[in-house]
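Structure at a glance
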Amino acid sequence: MKTGIKIALSVAMLTSLSFGGEQFAMSDADRAMYVEMSENNPADIMIADGEELLEYMGGDAGLAKYFGVSEDDLPAYIAGFPRYIKKFDMVVGLDQVIQAMMADGGHKPLKLKSGNMFSIMAYVKSIANGEKINIDVTANKQMKEAYALGLKTYMTKRGGRGLSCNSCHSPDVIGRVLRTQPLPDLSAKGVKAAATWPAYRMTKSSLRTLQRRFQGCMKNALLKVIPIGSKEMVALEVYLTDKSKGAEIAIPGLKR
Ligand code: HEC
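The rules we used
Residues numbered from 1 in each chain as written. Predicted model: local features only at pLDDT ≥ 70, side-chain atom pairs only at ≥ 80, totals over all residues. Heavy atoms only, no water. 1 Å grid on protein atoms, 1.4 Å probe; cavity = no way out; pocket = protein on both sides within 12 Å on 5 of 7 lines; lining within 4 Å. Points joined across faces, edges and corners; volume = space filled by probe spheres on them. Helix = DSSP H or I, 4+ residues; strand = E, 2+ residues; numbered from the N terminus. Nonpolar A, V, L, I, M, F, W, Y, C, P; charged D, E, K, R; others polar. Domains from an automatic or database assignment.

Observations concerning the layout of surface pockets
Quantified by volume, the second largest pocket comes out at close to 250 Å³. Taken together, the elements giving at least two residues each to the lining of the second largest pocket come down to strand 3 (90-92), helix 7 (141-155) and helix 10 (231-243). Here the lining of the second largest pocket is built from residues that sort into seven nonpolar, four polar and three charged. For the lining of the second largest pocket, the domains that each give at least three residues are domain 1 (11-38 + 136-255) and domain 2 (43-126).

Written as structure tokens, this is what we have:
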């Protein structure tokens, strides 16, 4: 479905930042579409596809077995990603574990950036719907390092315009509007962002993951785009997921 929402975001627009208070700058037509889609999220069908794709790897039971947890404990375990997994000796996102599970099962692993991977990942995270995010960034040395790297990546100014994630997402800019888009504060404790991705993006007419969303911001703000699954990307996800700790997982989200 074409949305008609223009997202010609460029950094030049930063000069048009203005204080918008609580206003939510959507046209009436866009707002109506948002309401309609929140009752009937188009990503539900992609999640159903993801569930089907997981089936050839044994479905939920296969996943629980791969993680080494019981099926009952699966939702809480999923709600703790990204996490350090000894077997990989790395802090990994759900998508990377799914990829490893495919490879170990003798299947050709899906690319992290593929639509089918986004669908499977959304399905897997939706298993934890209703569960509270329980990431533990002090669980071990590796998580502490990932958190520190995430914070650093978030704060580091890059690109021709010298912007960091924090330039647009810090508490100082709450209530400001970049073009028609209110800038979401991501740095406060209790923001729900990480609990609502993967999400359907109306402006992209597709299901996207959190790391894919980061890439969108990097592209828009002229920061060099960091690859999905890289150490920095997972670290950014760790940092922002910690901000959403305690938030109830509700997948698929619905975003502009
Ligand atoms: C030039 C300003 C700008 C910069 C720099 C920027 N963002 Fe954003 N970001 C936005 C805007 C505007 C939105 C909301 C867009 C919308 O409403 O569709 C957004 C949305 C997001 C969201 C979705 C929030 C939600 O509630 O779901 C995430 C996550 C995010 N940004 C992460 C990042 C990260 C990580 C970086 C650094 C790599 C970054 N952003 C850099 C402007 C920016």
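Comments concerning empty space enclosed by the protein
Summed over the entire model, instances satisfying the criterion amount to two cavities of 30 Å³ or more. Put simply, the largest cavity is a space of about 120 Å³. Forming the walls of the largest cavity are 17 residues, and the residues nearest its centre are Phe81, Pro82, Leu94, Lys125 and Glu237. Those elements that place two or more of their residues in the lining of the largest cavity are helix 6 (115-126) and helix 10. Structurally, the lining of the largest cavity is a two-domain feature, drawing no fewer than three residues from each of domain 1 (11-38 + 136-255) and domain 2 (43-126). In this structure, the second largest cavity encloses a volume near 30 Å³. Lining the second largest cavity are Thr153, Thr156, Arg158, Ser164, Cys165, Met218, Leu223 and Leu236.

These figures come from the coordinates and say nothing about function on their own.
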